[in-house]
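Commentary on secondary and tertiary structure
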Amino acid sequence: EYAGGYSDYLVQRPAQVAEVEKKESRPPAERGVPSRKLSYKETRELETLPSEIESLESEQKALYARMHAPDYYRQPPQSLRADRERSDEIERLLMQKLERWTSLEAKK
């Protein structure tokens, strides 16, 4: 428990903050901060992600065009179900690849 009021606390607080800043004033290399450089594998992944995303988007566009055709719903139910599942899978893959691309770009 602290003896004194809030104003007393504010008067004593800057001294405490300065002590904490002294402890943390070591260079980043000494603090154990991991390197932010991309590894070779991550660099290659970053180079291939745009083409993978583009191919998924083109497949998604073709699938949506086929699903919006007037006679699409005359197909067997298995085909409709397979198209819907593939559409969901493409959406999931796109989100994963976009998140990975964003994280690699931020790391770069």
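Residues numbered from 1 in each chain as written. Predicted model: local features only at pLDDT ≥ 70, side-chain atom pairs only at ≥ 80, totals over all residues. Heavy atoms only, no water.

Looking at the overall build of the protein chain
Under the convention used in this document: For helices the rule is a DSSP run of H or I covering at least 4 residues; for strands it is a run of E covering at least 2, with both sets numbered from the N terminus onward. Buried residues are those whose accessible area, probed at 1.4 Å on protein chains only, stays under 20% of the maximum for their type, while exposed residues exceed 50% and partly exposed ones sit between those limits. In what follows, residue pairs with any heavy atoms lying within 4.5 Å of each other are defined as contacts.
If you tally the helices and strands in the protein chain, you get four helices and zero strands. In sequence order, the secondary structure elements of the protein chain are arranged as α-α-α-α. For the protein chain, the residues scored as buried account for 15% of the 108 residues in total. Considering only contacts within the protein chain whose residues lie at least 6 apart along the sequence, 70% involve residues at least 24 apart.

As for the side chain of Gln 60
Note that Gln 60 resides in helix α3 (residues 40-67). With relative accessibility at 12%, the residue Gln 60 sits in the buried group.

Quick notes on the packing of aromatic side chains
Just so we agree on the cut-off: Any Phe, Tyr or Trp ring, taking Trp's six-membered ring, that has another such ring centre within 6.5 Å forms a pair; planes under 30 degrees apart are called stacked, those over 60 apart edge-to-face, and the others tilted.
Taken as a whole, this structure holds one aromatic pair when the rule is applied. Here Tyr 72 and Tyr 73 contribute two aromatic rings whose centre-to-centre distance is 5.1 Å and whose plane-to-plane angle is 85°, an arrangement assigned as edge-to-face. The buried category is assigned to Tyr 72, whose relative accessible area is 2%.

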